[in-house]
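Structural overview
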Amino acid sequence: MNKRYLESLTNEELRTIVTYNNDLRNMLEEKYIEDTMFYVGDILEVVGGRDYSIGFYQYNYWYSARTIEAMEAIIEATESYGLCSEEEIEKVEYCIELMNRLDNMDYDNKQYDNLETKVENLLDEIDDMITINFNGLTDDSYIDNDLLLEELYCTLDCEDETYYILDDDLNVVYKDDIKEFC
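Now for a look at the structure at hand. Since this is a predicted model, take the numbers as computed values, not measurements.

**A look at the nonpolar core**
Judged by nonpolar contacts, the single largest core of 30 residues is most densely connected at V47, M71, I74, I126, I130 and F134. For this core, the elements supplying multiple residues, two or more each, are helix 2 (22-47), helix 3 (68-81), helix 4 (86-104) and helix 5 (112-137). The greatest single-element share of this core, amounting to nine residues, is contributed by helix 5. Each residue touching V47, except ones within four places of it in the same chain, is listed here: W62, A73, I74, A77, L83 and F134. Counting 19 residues, the second largest nonpolar core, distinct from the first, contains L6, V18, Y32 and F56.

Put into structure tokens, the structure is as follows:
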């Protein structure tokens, strides 16, 4: 029996393996989800939140701490991780501007209640916007053969383990000298 390492297979052979080998697909999907959740965790360390639950296969929500610092953290997370679009950041910056105005406004000012309501509505919109962005990161409907093939390439490039098939049997993938999956 002839060992053929996955690194030496053609793109079409790798695509066939990813498409039809359920155990490999499951392993790659789990790895993708794990990697994505580490990334989400890094973002959450920056943006924090008053309350949140983010993950795959669940209802996601994120609520800001509703402070200027929390809004600045969204900007920081965008600079570091690309959390928001430019247009979304403009909304966050506008909210910071209004929050500063509100902080400096006398409570007895006639416009205080209007500005406070505007800030609260804007904060609600930002909470929804961030939740939608996290949904985009954790949406399992984007996990397709192309994404799993990318994950396989990364696995082959980044990990110490070697994977191979025997002869031209694309149905069974082995890891090192032990039959790992399939």
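**Regarding the pattern of salt bridges**
With the rule as written, the count across this model stands at nine salt bridges. The salt bridge partner of D146 is R15, with a shortest N-O separation of 2.8 Å. Of the two residues, D146 is situated in helix 6 (residues 145-158) and R15 in helix 1 (residues 11-20); the sequence distance between them amounts to 131 residues. With a relative accessible area of 42%, D146 lands in the partly exposed category. Among the ionic contacts, a cluster of salt bridges with common partners joins R66, E120, D124 and D127.

**Comments concerning the state of the cysteines**
Covalent bonding between the sulfur atoms of two cysteines defines a disulfide. Under the counting rule described, the total for this entry stands at zero disulfides. A disulfide-free cysteine, C84 has its sulfur positioned 12 Å from the sulfur of C95, the nearest such atom. Exposure remark for C84: the relative accessible area of 9% places this residue in the buried category.

**Let's talk about the side chain of T36**
Following the sequence through the fold, T36 ends up in helix 2. Apart from residues lying up to four places away in sequence, T36 is in contact with F56 and L137.

The rules behind each value
Residues numbered from 1 in each chain as written. Predicted model: local features only at pLDDT ≥ 70, side-chain atom pairs only at ≥ 80, totals over all residues. Heavy atoms only, no water. Core = buried A, V, L, I, M, F, W, Y, C linked by side-chain atoms within 4.5 Å. Buried < 20%, exposed > 50% of the residue type's maximum accessible area, 1.4 Å probe, protein only. Helix = DSSP H or I, 4+ residues; strand = E, 2+ residues; numbered from the N terminus. Contact = heavy atoms within 4.5 Å. Salt bridge = Lys/Arg side-chain N within 4 Å of Asp/Glu carboxyl O. Disulfide = S-S within 2.5 Å.

Purely spatial values, then, with no claim about function.
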